[in-house]
Amino acid sequence: MNAFSYFRRLLSLITIENQQFKASIAERGAELQSLVNKTDNYDYIWNGDKTFWNRHAPILFPAIGKSNEDQYRLGAKTFPMGQHGFARDYDFEVSDHSDSAATFTQHQNSETLKKFPFKYTLAVTYMLTEDGLSIHYTVTNDDSNSMPFALGFHPAFNVALKADGSFDDYDLTVEPLNSPLQRFGIGPVPFRNGDVEDIAGAEGNKLPLTHDLLDGGLVILANSEISKATLSSPHHKHSLTLDINDFPYLTIWSPEHKKAPFIAVEPFDGLPDQAGEPSDWYTKLGNTTLSAGANKQLALKVELH
């Protein structure tokens, strides 16, 4: 595929809309490109300016994070794997489309089989509701062998776009919280170091957001009981709540030392590698292993305020 065809495909968008909201999704990676409140034309999703980060809200599959030596193991065999897997870099088929919902489906191809030797189906449905966006994922193992994987959603949300607020005005409030707010230790970035530590600056179930906090790398919350997370600022009328009950981990990220005007709030079903040797995906912490013919369904909701 030449460069022109690549970018034409990348910009091939599917639009869904209801009375309150409008969203666009690219066929490349089934990546959410925009999520707009029609009342004032406010877009919650980062615009993809390459000065800071040229993506919007990619789907992470079958890996989350960077692999040690850009490799992983399946037992005694080693395979290459790029950061966050590969689903975001290939086209999805639009298998269903109505005014307010669309379903995108991806299968293995000759290139993915060299990195991930499994036949699979990844289906993603976006549906606008009266209070936001519902997303449903189904991963199916179409292979005859057990298939390990991780899946994550990496949406970047706009902050500090208006004159009435700034990045440091925002808080992330999580619920429920049954113990002090903790994170997986990071080091070297972007790998886990194997530790779990309290988050300095947390105020009960509220985490004030600062560039200083995120300049040390991604913050992966270790409190698995969290089912909701709200991103809000007292100086901005728009806020959002992520309902992530199906996802055991939540990550916060903004590009290190760039003072970017967005923050990614990312539900993870899986974890990045711990620093060291390439990991065996059959035993890696956080991974799911599906038996032949089985599937796993995950859902989340972005409530927009």
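Preceding block: the structure.
Everything in this summary refers to the structure shown in the same document. (Residues numbered from 1 in each chain as written. Predicted model: local features only at pLDDT ≥ 70, side-chain atom pairs only at ≥ 80, totals over all residues. Heavy atoms only, no water.)

Concerning the nonpolar core
We apply this condition: Throughout, nonpolar core names a set of buried Ala, Val, Leu, Ile, Met, Phe, Trp, Tyr and Cys residues whose side chains join them through atoms within 4.5 Å. A simple rule labels every residue: compare its accessible area, found with a 1.4 Å probe on the protein chains alone, to the largest value its type can have, and call it buried under 20%, exposed over 50%, or partly exposed in between. Helix numbering and strand numbering both begin at the N terminus, where a helix is a DSSP run of H or I of at least 4 residues and a strand a DSSP run of E of at least 2.
Phe116, Leu122, Tyr126, Tyr137 and Leu209 are the most contacted members of the largest nonpolar core, which has 71 residues in total. Considering every element that reaches this core, the biggest residue donor is strand β10 (residues 120-129), with five residues. Of all hydrophobic cores here, the second largest spans 17 residues; its members include Trp53, Ile64, Phe184 and Phe268.

Considering the side chain of Arg192
Put simply, the test is: Charge counting treats Lys and Arg as positive and Asp and Glu as negative, with His and both chain ends excluded. By convention in these notes, a salt bridge is any Lys or Arg side-chain nitrogen within 4 Å of a carboxyl oxygen on Asp or Glu.
Tracing the backbone through its elements, the reader meets Arg192 in strand β17 (residues 192-198). Salt bridges are absent for the buried Arg192, whose nearest opposite-charge side chain, Asp273, sits at 6.0 Å.

Digging into the sheet that holds strand β4 (residues 42-43)
Definition in use: The pairing criterion is simple: DSSP has to find at least two bridges between the two strands.
The strand order across the open sheet built from four strands is β1-β2-β3-β4, with neighbouring strands paired in antiparallel fashion. The sheet is open, and its two edges are formed by β1 (13-17) and β4, each paired on a single side. Here strand β3 (residues 32-37) runs beside β4; their pairing, made up of two bridges, is antiparallel. Bridged to Val36 within β4 is Asp43.

What to know about the sheet that holds strand β9 (residues 101-107)
Rules: As a rule, the C-alpha atoms of each element are fitted with a line to give its axis, helices using only the stretch in contact, and angles between N-to-C directions run from 0 to 180 degrees.
Taken together, nine strands build an open sheet; the order of strands is β8-β9-β10-β11-β25-β21-β20-β15-β18 and the sheet is antiparallel. The open sheet has two edge strands, β8 (93-97) and β18 (206-208), and neither has a second partner. Averaged over all pairs of adjacent strands, the angle between strand axes in this sheet comes to 15 degrees, irrespective of strand direction. In this sheet, strand β25 (residues 295-304) lies alongside strand β21 (residues 240-243) in antiparallel orientation, the contact comprising four bridges. Each bridged residue has a counterpart across the sheet, and for Asp243 the counterpart in β25 is Lys301.

What about the environment of Leu113?
Among the structural elements, Leu113 can be located in helix α2 (residues 112-115). The exposure class of Leu113 is partly exposed, given its relative accessible area of 35%.

What about the pairing of strand β2 (residues 21-26)?
With five of its six residues buried, β2 lies for the most part within the structure. Pairing between β1 and β2: five bridges, direction antiparallel. In the sheet register, Ile14 faces β2, and the bridge partner there is Ile25. Remark: three residues form the turn of the hairpin made by β1 and β2, two consecutive strands paired antiparallel. Judged from the five bridges that link them, β2 and β3 form a sheet pairing that is antiparallel.

Concerning the pattern of salt bridges
Any two side chains of opposite charge can pair, so long as their charged atoms come close to each other. Going through the model one piece at a time under the given rule, you end up with 11 salt bridges. For Glu17, the salt bridge goes to Lys38, with nearest N and O atoms at 2.8 Å. With Glu17 in strand β1 and Lys38 in the loop between β3 and β4, this residue pair connects regions lying 21 residues apart in the sequence. Among the residues examined, Lys38 registers a relative accessible area of 36% and is labelled partly exposed. Between Asp269 and Lys296 there is a salt bridge, with its nearest N and O atoms 2.8 Å apart. Taken together, the residues Asp269 in strand β23 (residues 262-269) and Lys296 in strand β25 connect sequence positions 27 residues apart. Given the relative accessible area of 4%, Asp269 is considered buried.

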